[in-house]
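Read off the chains here:
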Amino acid sequence: MNLIDKQLKEEIVKAFKTLFDFELNASDFELQPTRKEFEGTHTLVVFPYLRQTKKGPEQSGEAIGEYLKEHSPIVSAYNVVKGFLNLSIAESAWVNVLQAIAAETSFGQYAPTGEKVMVEFSSPNTNKPLHLGHLRNNFLGDSVSKILAARGHEVRKVNLVNDRGIHICKSMLAYEKFGEGETPESTGIKGDKLIGNYYVKFDQEYKKEIEQLVADGKSEEDAKKQAPLMLEAQAMLKKWEDGDEATVALWKKMNGWVYEGFDISYATMGISFDKVYHESDTYLLGKDIIQEGLDKGVFFKKDDNSVWADLMSEKLDEKLVLRGDGTSVYITQDIGTCDLKHNDFSFNKSVYVVGNEQDYHFKVLFSIMDKLGRDYAKGLYHLSYGMVDLPSGKMKSREGTVVDADDLMQEMFDTARKQTEELGKIEGMTDEQADELFRTLGLGALKYFLLKVDPKKRMLFNPQESIEFQGNTGPFIQYTHARISAILRRANSLEIDQNFDASKVTSLHPRALDLIHKLTEYPKIIDLAAGDYSPALVAGYAYELAKTYNGFYQEVPIFNEDDKDVVKFRISLSATVANTIKSAMSLLGIHVPERM
RNA sequence: GGUUCCAUAGCUCAACUGGAUAGAGCAACUGCCUUCUAAGCAGUAGGUUCCAGGUUCGAGUCCUGGUGGAAUCACCA
């Protein structure tokens, strides 16, 4: 909470005590921003307190307003509209607040809380390249990690790679049958793309077999189970699990190609992890915990020896946790991995960034961990995000409607180049600088586009219309930063320093007041965004701040001003906005350029 | 069929967790570059917040019932 809000709330508490002999708790109420059609910046809604004030809404507002104007050094005026008390803050208070914020080295950053948070995201399969859906996941996970760190938590980013299983064997089998020894080197195809092709190839050939079997009179269900390719894939999985040398060697070779491809994609995205888990190491985990659950009476056995969790009381039905033959299912290893992650990093909270199609799975998992008596279970959180839809509907890899992550990023860079060149903004830049700028802008546009929407909500991506560079976009905010940078360069060359004497800044342009007001909200936004795991709140804030600055910039001259103290004040204000934009954008994983 | 989630301007999204006359961007229209970057600024137009009830000083937000859409309910992951 910022200084003005804090002080105001304390004084309102005092007002209630003095006027109505009522102990209002500062944490029990919030001041709201005043709507712009009214005078003032902070609004107290008095309706909830009419019982305590024993007066009508207007009289209550008047009484509190009058008290604050009399007794608070920072309240300069008030007005009451119906039950809304609108407060104006003295200009000197705003100027002092800016000075305090400008002096902070990392405005917005919270002191360490001692809380440890693990964030798991990305979690790709090693049988196909990353697509648009993965981008939303990766950007979300990365941004949420940064927001939680800014909130003062100790954060660990982890990636759990799905590198084994029947779907991996499908691409391996297709490669073995049809690959003719192709490699990324021999074909010039990126490793993950090459493997993805064989995954598709498997599906095509498998479908042909099913058609043939159906034509021979089998039911479709039987055909799917009995198709030779499927049987071979299953046999291959068995061989892999038995440690068959040739199979494991092929698996290692092909996964290696995929990782080389992923490394390039991650580097382009600007995303990294503190630790990478592999399912090939964790898929056997959890079986011992099943026994523990049986001993504790959390699970029960059925006649066929399969083990189940009874979650009927929570309307989650019964859930299989171990097959009758003793082999794992998906949730078995998740139970084991849960403990493993907690052993590695004794987290207070563990966030899973996973699509909302797995809502049910995580409800079940968290409930089971709780029943097993894990004290960290209440800290488990599923950051459930919505799908990215295309205008044609859902992305389907088999119908070729997926938007490839690498291709999309490259298109963004190309668009950025085109736009920048059309505007003639690369004069005086070296090729390297220009190239760096295109990547900054293209990636910024993409990340901002995907992060500005509430994570929980399904969203639409229209590749035809591409992503805009005007309006509520990443480049708009980046542009504002570049603009301010130009001002700061000029201030520097004129040798004007930013240390202003607050007592000499005696009048404040309304635009400057708006800006300082907006700046003071930043820490609160970080707190809200961390609490909601929502980069969208930070994105919205960055946009509003940039927009507010542009309004200021248009109306208020900075250098063309006689009063030297006011010039210094405006430069300091500009610099503080630039720093805050840079900070907010960095929480989204977006860089801001010095010029564009 | 059961469960969960969603529905706001032509389109894409907001609305500070129940507050004032529901806001931005895009698209359309009108102004503003001889002054710090026009990827900008200012303005016009655009709404029965899916429908019907209810709760209260106050509902886009909460409760009930509909309508429409999505996900899930696998001994897949």
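Residues numbered from 1 in each chain as written. Chains lettered and ligands numbered in written order. Predicted model: local features only at pLDDT ≥ 70, side-chain atom pairs only at ≥ 80, totals over all residues.

Draft legend 1. Just the overall build of chain A, in detail. The number of helices and strands found in chain A is 22 helices and 14 strands. Oriented by its inertia axes, the alpha-carbon framework of chain A measures out at about 90 × 65 × 40 Å. Buried positions account for 38% of the 596 residues belonging to chain A. A sequence separation of at least 24 residues applies to 74% of the contacts in chain A between residues at least 6 apart. (Helix = DSSP H or I, 4+ residues; strand = E, 2+ residues; numbered from the N terminus. Buried ≥ 20, exposed ≤ 12 C-beta atoms within 10 Å, placed from the backbone. Contact = placed C-beta atoms within 7 Å.)

Draft legend 2. Seen up close, the protein's contact with RNA strand B. Around RNA strand B, the structure places 75 residues, and the nearest of them are Asp454, Gly471, Tyr479, Ala482 and Ala486. At nine residues, the largest contribution of residues to the surface near RNA strand B is made by helix H18 (residues 474-493). The class makeup of the residues in the surface near RNA strand B is 32 nonpolar, 23 polar and 20 charged. (Near = placed C-beta within 6 Å. Nonpolar A, V, L, I, M, F, W, Y, C, P; charged D, E, K, R; others polar.)

Draft legend 3. Examining the sheet that holds strand E4 (residues 84-89) more closely. Strand order in the open sheet made by the four strands is E1-E2-E4-E3, with antiparallel pairing throughout. A single partner strand is all that each edge strand has here, and the edge strands are strand E1 (32-33) and strand E3 (75-81). Two strands pair when backbone bridges link them, and strand E2 (residues 42-45) and E4 are joined in this way by four bridges, in the antiparallel orientation. Bridging from a neighbouring strand, histidine 42 pairs with leucine 87 of E4. Strands E2, E3 and E4 of the sheet are contacted by helix H3 (residues 57-71), whose axis makes an angle of about 175° with E3. (Pairing = 2+ DSSP bridges. Axes fitted to C-alpha atoms, helices over the stretch in contact; angles between N-to-C directions.)

Draft legend 4. Spotlight on the sheet that holds strand E10 (residues 318-322). Taken together, the three strands give an open sheet; going across it, the order is E8-E9-E10, and neighbouring strands pair in antiparallel fashion. Across the chains shown, the open sheet's two edge strands, defined by having one partner strand only, are strand E8 (299-301) and E10. In this sheet, neighbouring strand axes are inclined to one another by 40° on average, regardless of whether the strands run parallel or antiparallel. One ladder, built from four bridges, connects strand E9 (residues 307-310) with E10; its direction is antiparallel. Note on E10: the bridge partner recorded for aspartate 310 is glutamate 318.

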